[in-house]
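# Observations on the three-dimensional arrangement
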Amino acid sequence: MKSIRDIAVDNKTVFVRVDYNLPMDDEGNITDDNRILATLDMIRYLRDKGARLILASHLGRPNGVRDDKFSLLPAASRLSELLETQVQFVDDCIGQTVKERVSALENGQILMLENLRFYNEEKKNDPTFAASLAELCDVYVNNAFAVSHRDQASVTGITTHVKEAAAGFLLEKEVRSYYDSVENPKRPLVAVIGGAKVSSKLAALENMLNFVDRMVIGGAMANTFLKSQGVDTKGSMIESDLLDTAADIIRKAGEKGIELLLPMDLVAAAAFDKDASYRVVACNEMPDEWMALDIGPKTAKSYAEAIADAGTIVWNGPMGVFEMERFRNGTQIVADAIAGSRGFSVVGGGDTGLAAKICGIADKVSYISTGGGAFLHMMEGKKLPGVAALE
Ligand code: AMP
């Protein structure tokens, strides 16, 4: 993967694909600008080198329709404030007006384009649309790790039409942090896997069996694993069609000498509700119709112990419904153990990144990914299309 550091960018027009898919409130105010903050070093570097910058992103799901609700104008304003410099904005991402605005740019100036997904062609990776984006620039930079698992015009398609294409700082950092953790890990390598469904993480679980030393499983997916071993967690979320698959993963882990830890106790709740009655039960003592919404304290303690001596930790998925305070304890204890460990710790994005923040450990881990889907894609052992396109 070519790095932007290896390309002379002075006096060139550089198209940077960023991920400014920012959370906004109903009035269009940005509620979390982390995704902008994650790109500032890249933008400052290019600006200081004398490039003319074009920034492009998607925001939300406008489904090919122009809709002010999904405009990137607030992102341009926020970026202006953060950089203390003017960030220009144009209300389209291709076409004559955009071309004119790009030609008028001076070295060091920045122009943000309007939402790429106002065109369906973006998601469809339409070659003509990709060529229209490419036409705007001399150099293409992918600095949008979070969309790099997508085969879309501004991620992959554009690279076939530009003279030079390279990875931006954020993409490099993401890919390096992940591969540093799994390819040459300090051992023991511990995978902490949780979240809602086995099905969405099946490929990742299977791939992890190739290199982890220990795996701790929590969240709703633990219920399916428990059931596959004959432990019925009653009204809990269970994927009945995956019982054999779960049993198979447990068997394979055993064959490979991987320690696979499942819950021994659970927090049982009467309903999926933040105020639901709840109590700690052994896994095989779940009251009828109740559901497990967190791992129990004994389990959390044993998982924390399994994490304590880790040389490397990869965490993807909360241990329970961490969004509800009552069911956050397991995730909190595991998060604290990860933060307290001396191992290199990589945390998957999406819900896991949010859980790390809510648990107050975001600045105590080695790296939190900015991309949920893209991180999972790497955990599955698959190459990111956005990375492959730069090779
Ligand atoms: P994922 O995106 O697969 O990592 O899943 C994250 C979601 O799983 C979070 O929103 C959690 O609330 C949810 N979750 C975790 N544990 C449970 C559980 N025991 N029952 C239901 N949902 C859960």
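### A short note on the nonpolar core
The biggest cluster of nonpolar side chains holds 64 residues, and the ones touching the most others in it are Phe 15, Leu 113, Leu 205, Met 215, Phe 225 and Met 379. Two domains each provide a minimum of three residues to this core, namely domain 1 (4-167) and domain 2 (174-379). With residues up to four places along the chain from it excluded, the contact list for Phe 225 reads Val 198, Leu 205, Ile 217, Ala 246, Ile 249, Ile 250 and Leu 262. Ranked by size, the runner-up nonpolar core spans 31 residues in total, among them Ile 4, Leu 59, Leu 79 and Ile 110.

### Focus: the packing of helix 11 (residues 297-308) against helix 12 (residues 329-340)
Two packed helices can be described by the angle between their axes and the distance between those axes. Close contact between helix 11 and helix 12 brings their axes to 9 Å; oriented N to C, the two are set at 15°. Classed by the angle they form, the pair helix 11 and helix 12 counts as roughly parallel. Here helix 11 and helix 12 pass one another in a crossing that is right-handed. Contacts between helix 11 and helix 12 involve Ala 300, Tyr 303, Ala 304 and Ile 307 from the first element and Gly 330, Ile 333, Val 334, Ala 337 and Ile 338 from the second. Per-class residue counts for the contact of helix 11 with helix 12 are 8 nonpolar, 1 polar and no charged.

### Re the site of the ligand
Taken together, 14 residues sit near the ligand, with Ala 196, Lys 201, Ala 292, Gly 320 and Glu 323 positioned nearest. Note that an oxygen atom of the ligand is positioned 3.0 Å from one of the backbone N or O atoms of Ala 196. The side chain of Lys 201 places a nitrogen or oxygen atom 2.7 Å from an oxygen atom of the ligand. A majority-of-atoms criterion places the ligand in the second largest pocket. Residues that form the shell around the ligand fall into these classes: 7 nonpolar, 4 polar and 3 charged.

### Considering the sheet that holds strand 11 (residues 278-282)
With respect to topology, 3 strands assemble into an open sheet ordered 11-10-12, the strand pairing being antiparallel. Strand pairing shows two members of the sheet lacking a second neighbour, strand 11 and strand 12 (291-295), which therefore form its edges. Strand after strand, the sheet turns through a mean of 40° between neighbouring axes, direction not considered. Of the pairings in the sheet, the one linking strand 10 (residues 265-269) to strand 12 comprises 4 bridges and is antiparallel in character. Counted as the bridge partner of Ala 269 is Met 291 from strand 12.

### Looking at the sheet that holds strand 3 (residues 87-90)
Backbone-to-backbone hydrogen bonds join strands into a sheet, with any given pair of strands oriented parallel or antiparallel. On the basis of which strands lie adjacent, the open sheet formed by 6 strands has the order 3-4-2-1-5-6 and parallel pairing. Edge strands, defined here as strands with exactly one partner in the open sheet, are strand 3 and strand 6 (164-167). Each strand of the sheet is rotated relative to its neighbour by a mean of 25°, with strand direction disregarded. Of the strand pairs in this sheet, strand 2 (residues 52-56) and strand 4 (residues 110-113) are connected by 3 bridges, and their pairing is parallel. Residue pairing for strand 4: Leu 53 is matched across the bridge by Ile 110.

### Quick word on the layout of surface pockets
Roughly 950 Å³ of volume is contained in the largest pocket. Taken together, 34 residues make up the lining of the largest pocket; nearest its centre are Asp 19, Arg 35, Ser 369, Thr 370 and Gly 371. Counting only domains with at least three residues in the lining of the largest pocket, you end up with domain 1 (4-167) and domain 2 (174-379). Taken as a whole, the second largest pocket spans an internal volume of roughly 600 Å³. Forming the boundary of the second largest pocket are 35 residues, of which Gly 195, Ala 196, Lys 197, Pro 318 and Asp 351 lie nearest the centre. At the level of secondary structure, the elements contributing two or more residues to the lining of the second largest pocket comprise helix 9 (221-228), strand 12, helix 13 (351-358) and helix 14 (372-379). Of all the elements, strand 12 adds the most residues to the lining of the second largest pocket, at 5 residues. Split into classes, the residues belonging to the lining of the second largest pocket amount to 16 nonpolar, 14 polar and 5 charged.

### Remarks on the side chain of Asn 143
One can find Asn 143 in the loop between strand 5 (139-142) and strand 6. A distance of 2.7 Å separates a polar side-chain atom of Asn 143 from the backbone nitrogen of Leu 170. Once you skip the residues sitting within four places of it in the chain, Asn 143 turns out to touch Val 16, Arg 17, Val 18, Thr 39, Met 42, Gly 168, Phe 169, Leu 170 and Leu 171.

### Examining helix 10 (residues 243-255)
Helix length check: helix 10 (13 residues) gives 18 Å between terminal C-alpha atoms against 18 Å at 1.5 Å per residue, within 8%. As for helix 10, its buried residues are in contact with helix 8 (202-208), helix 9 and strand 9 (259-261). Gly 257 sits one or two residues past helix 10 and shows a positive phi near 75°.

### Here we look at the pairing of strand 1 (residues 13-17)
Strand 1 sits mainly inside the fold: 5 of its 5 residues count as buried. On strand 1, burial covers both faces: Thr 13, Phe 15 and Arg 17 on one face and Val 14 and Val 16 on the other are all buried. Bridging between strand 1 and strand 5 involves 4 bridges; their strand directions are parallel. Counted as the bridge partner of Val 16 is Val 141 from strand 5.

### Points about the pattern of salt bridges
Tallied over the entire structure, the rule returns 21 salt bridges. Among the salt bridges present, the one from Asp 138 reaches Lys 163, with a minimum N-O distance of 4.0 Å. Here Asp 138, found in the loop between helix 6 (127-134) and strand 5, pairs with Lys 163, found in the loop between strand 5 and strand 6; they are 25 residues apart in sequence, far enough to count as distant. For Asp 138, a relative accessible area of 25% puts it in the partly exposed group. With a shortest N-O distance of 3.0 Å, Lys 274 and Asp 275 are connected by a salt bridge. Taken individually, Lys 274 and Asp 275 each receive the classification exposed, so the pair is uniform in this respect.

Quick notes on the rules
Residues numbered from 1 in each chain as written. Predicted model: local features only at pLDDT ≥ 70, side-chain atom pairs only at ≥ 80, totals over all residues. Heavy atoms only, no water. Core = buried A, V, L, I, M, F, W, Y, C linked by side-chain atoms within 4.5 Å. Buried < 20%, exposed > 50% of the residue type's maximum accessible area, 1.4 Å probe, protein only. Domains from an automatic or database assignment. Contact = heavy atoms within 4.5 Å. Axes fitted to C-alpha atoms, helices over the stretch in contact; angles between N-to-C directions. Helix = DSSP H or I, 4+ residues; strand = E, 2+ residues; numbered from the N terminus. Parallel < 35°, antiparallel > 145°, perpendicular 65-115°, else oblique. Left-handed = near helix turned anticlockwise from the far one by under 90°. Nonpolar A, V, L, I, M, F, W, Y, C, P; charged D, E, K, R; others polar. Near = heavy atom within 4 Å. Polar contact = N/O pair within 3.5 Å; in protein donor to acceptor, adjacent residues only side chain to side chain. 1 Å grid on protein atoms, 1.4 Å probe; cavity = no way out; pocket = protein on both sides within 12 Å on 5 of 7 lines; lining within 4 Å. Sits in = over half its atoms within 2 Å of the grid points. Pairing = 2+ DSSP bridges. Points joined across faces, edges and corners; volume = space filled by probe spheres on them. Expected span 1.5 Å × (residues − 1). Salt bridge = Lys/Arg side-chain N within 4 Å of Asp/Glu carboxyl O.

This is a description of form; function is not addressed.
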